Amino acid sequence: MPFNLLKYGLSSEYPVEVDLPAPKELKSSYDVVIIGGGGHGLATAYYLSRYHGISNIAVLEKSYLGGGNTARNTAVIRSNYLTSDGVKFYAESVRMFEGLSNEFDFNIMYSQRGQLTLAHTDATVRSFRQRAEVNKHHGGRSELIDRQQIRELVPSLNLDPGHIPVLAGLWHLDGATARHDAVAWGYAKQAAKRGVEIHQLTEVQDLVIENGTITAVKTNRGTIRCGCVVQAVAGMSSQLMKKAGIRSPIQTYPLQAMVTQPFKPFLDPLVSSSALHCYVQQTSRGEVVFGGGSDPYPLFNTRSTLDLKESLLAHAIEMFPFLANAKLMRQWAGITDMTPDYSPIMGLSPVKNYYLDAGWGTWGFKATPICGKTMAELVASGGQVPDLIKPFGLDRFSTFQQVNEMGATAASH
């Protein structure tokens with residue numbers, strides 16, 4: 001047996017499929033240039049190449065594949081939002097997530113576990129009742145549950161934390177998690193198979209706009225001409241929009257999270273409280289993940305801070321007191337591009353053939369499949385905006401038709 005393994009390992013015909021082809025030089029032009037090699041950019045490239053027959057695509061990533069906010073989130077998937085537009089959009093994304101492993105032939109470790117959001121006031125109970133009805137109307141599975149049902153669902157949860165006892169909860173059965181890096185690599189692998197070029201360590205330095213139309217992209221590896229550009233750079237959205245001469249309503253804030261040593265399984269649902277600015281989940285490896293609200297000041301930085309760690313963990317311990325002695329293993333941060341109405345910006349821009357995928361704040365990962373699909377439809381149609389994303393256009397801020405999702409996050413910002 002050891003001899004056979006050695007022979008297998010040293011064989012020149014080593015039969016292992018390579019996920020991505022070797023790096024190559026940039027071509028002089030592409031039909032589509034996608035700026036950002038995270039989940040959204042890779043998903044857009046995949047759907048364009050698989051379902052629209054467009055494969056002359058370059059995905060440009062200034063760092064490594066999926067190394068931005070895709071690698072810096074807590075991998076929560078849900079659709080229990082406030083508005084009809086938001087629920088319809090994210091519900092479709094949840095449905096697509098359910099079939100991604102089969103579509104990729106690549107395990108994204110999708111796990112439907114449900115999400116429980118706690119209500120500590122009568123006003124929150126009323127809003128949760130409305131959210132549950134909106135969700136059910138659009139095919140989601142959400143309901144308002146009482147303290148006894150919460151106790152049965154999460155026996156280890158403290159229902160009377162400090163001065164704000166739990167009154168009820170919004171139980172969202174569709175809540176789930178998936179491996180964020182697996183999602184990015186699944187899209188990358190399948191897109192590369194269809195001829196899409198993925199260029200890591202390729203930073204966009206400027207945009208060439210002629211007569212109001214994007215014509216080329218300048219990078220640290222040279223200038224490439226293009227038929228159109230899709231911007232999908234998460235927290236750096238406002239900076240890239242500035243290069244395109246587009247006025248942006250986005251503010252960028254750090255968002256931090258942390259994880260403990262592994263424990264035996266004790267928590268299946270995802271549990272969150274906007275009043276405590278905290279959400280808690282246990283991974284398949286037994287680690288306990290804590291996340292909360294974004295930092296209170298704008299900053300383009302992915303550093304972690306002690307003050308956030310102290311305040312977040314204090315609230316987490318109110319929810320699960322026995323975690324007070326848990327050892328923290330890692331702490332990290334992403335940078336979130338927040339809009340005034342807490343909804344994304346998708347679709348056309350004032351620059352012709354320059355398409356926007358921005359303003360995702362803290363909910364970008366859960367939208368990865370549907371964002372890729374709809375942005376691909378937008379590009380392939382030459383600028384015809386799909387109905388599902390029409391409410392999220394940049395022009396809504398000048399026509400005062402915002403899609404207000406403030407308060408729909410698991411931890412209030």
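Residues numbered from 1 in each chain as written. Predicted model: local features only at pLDDT ≥ 70, side-chain atom pairs only at ≥ 80, totals over all residues. Heavy atoms only, no water.

Looking at an unreviewed UniProt entry, one finds the protein named Sarcosine oxidase subunit beta, with Pseudomonas fluorescens as its source organism.

Moving on: the overall build of the protein. Regarding its fold elements, the protein presents 11 helices and 19 strands. The C-alpha radius of gyration of the protein comes to 22 Å, within 12% of the 22 Å expected for a compact globule of 413 residues. Once the C-alpha set of the protein is aligned to its principal axes, its extents read approximately 70 × 65 × 40 Å. Counting over 413 residues, the protein shows a buried share of 54%. Of the accessible surface of the protein, which amounts to about 18100 Å², a share of 51% is contributed by carbon and sulfur atoms. With 38 positive and 36 negative side-chain charges, the protein shows a separation of 2 Å between the mean positions of the two kinds. (Helix = DSSP H or I, 4+ residues; strand = E, 2+ residues; numbered from the N terminus. Rg over C-alpha atoms; globule rule 2.2 N^0.38 Å. Buried < 20%, exposed > 50% of the residue type's maximum accessible area, 1.4 Å probe, protein only. Areas by Shrake-Rupley, 256 points an atom, 1.4 Å probe, with all protein chains shown as cover. Lys, Arg positive; Asp, Glu negative; His and termini not counted. Charge placed at Lys NZ, Arg CZ, Asp CG, Glu CD.)

Inspection of every chain in the model, using the stated rule, returns 13 salt bridges. Ionic pairing is found between Lys-189 and Asp-19, a salt bridge with its closest N-O pair at 3.5 Å. Of this pair, Lys-189 sits in helix H7 (residues 180-193) while Asp-19 sits in the loop between helix H1 (2-10) and strand E1 (29-35), and the two are 170 residues apart along the sequence. For Arg-147, the salt bridge identified is with Asp-160, shortest N-O distance 3.3 Å. On the criterion of sequence distance, the pair formed by Arg-147 in helix H6 (residues 147-153) and Asp-160 in the loop between H6 and strand E7 (168-172) is long-range, its members being 13 residues apart. Take Asp-160: its relative accessible area is 43%, and that puts it in the partly exposed class. Through salt bridges that share partners, Arg-285, Glu-287 and Arg-330 make up one connected network. (Salt bridge = Lys/Arg side-chain N within 4 Å of Asp/Glu carboxyl O.)

Here eight strands make up an open sheet; going across it, the order is E6-E7-E5-E14-E15-E16-E13-E17 and the pairing mixed. Only two strands of the sheet have a single partner each, and these edge strands are strand E6 (142-146) and strand E17 (328-338). On average, each strand axis in the sheet is inclined to that of its neighbour by 20°, with strand direction left out of account. Bridge count for strand E13 (residues 251-262) against strand E16 (residues 287-292) is four bridges, and the pairing is antiparallel. Pairing of Ala-257 across the sheet is with Gly-291, part of E16. On top of the sheet, helix H5 (residues 122-137) reaches strand E5 (115-119), E6 and E7; it is set at about 145° to E6, its chief contact. Relative to strand E15 (residues 278-282), helix H9 (residues 306-319) is tilted by about 70°, and along the sheet it contacts E5, E13, strand E14 (270-273), E15, E16 and E17. (Pairing = 2+ DSSP bridges. Axes fitted to C-alpha atoms, helices over the stretch in contact; angles between N-to-C directions. Contact = heavy atoms within 4.5 Å.)

The next subject is the packing of helix H2 (residues 39-51) against H7. Where H2 contacts H7, the axes come no closer than 8 Å and their chain directions differ by 35°. In this structure, H2 meets H7 at a crossing whose hand is left-handed. Contacts from Gly-39, Leu-42, Ala-43, Ala-45, Tyr-46, Tyr-47 and Ser-49 of H2 reach H7 at Ala-184, Tyr-187, Ala-188, Gln-190 and Ala-191. Counted by class, the contact of H2 with H7 contains nine nonpolar, three polar and no charged residues. (Left-handed = near helix turned anticlockwise from the far one by under 90°. Nonpolar A, V, L, I, M, F, W, Y, C, P; charged D, E, K, R; others polar.)

This next bit is on unusual backbone geometry. Unusually for a residue other than glycine, Ala-75 sits at a positive phi of about 65°. Mapping Ala-75 onto the fold places it in the loop between strand E2 (57-60) and strand E3 (76-77). Positioned with a positive phi, Asn-211 is a non-glycine residue whose angle comes to about 55°. Mapped onto the elements, Asn-211 comes out in the loop between strand E10 (204-210) and strand E11 (213-219).

Before going further, it helps to spend a moment on the packing of H2 against helix H10 (residues 368-380). Between H2 and H10, the shortest axis-to-axis distance is 7 Å and the interhelical angle comes to 50°. One way to sum up the angle between H2 and H10 is to call them oblique. Handedness of the H2/H10 crossing: right-handed. Along its contact with H2, which presents Gly-39, His-40, Ala-43, Thr-44, Tyr-47 and Leu-48, the element H10 presents Thr-368, Pro-369, Cys-371, Gly-372, Lys-373, Met-375, Ala-376, Val-379 and Ala-380. Split by residue class, the contact of H2 with H10 holds nine nonpolar, five polar and one charged. (Parallel < 35°, antiparallel > 145°, perpendicular 65-115°, else oblique.)

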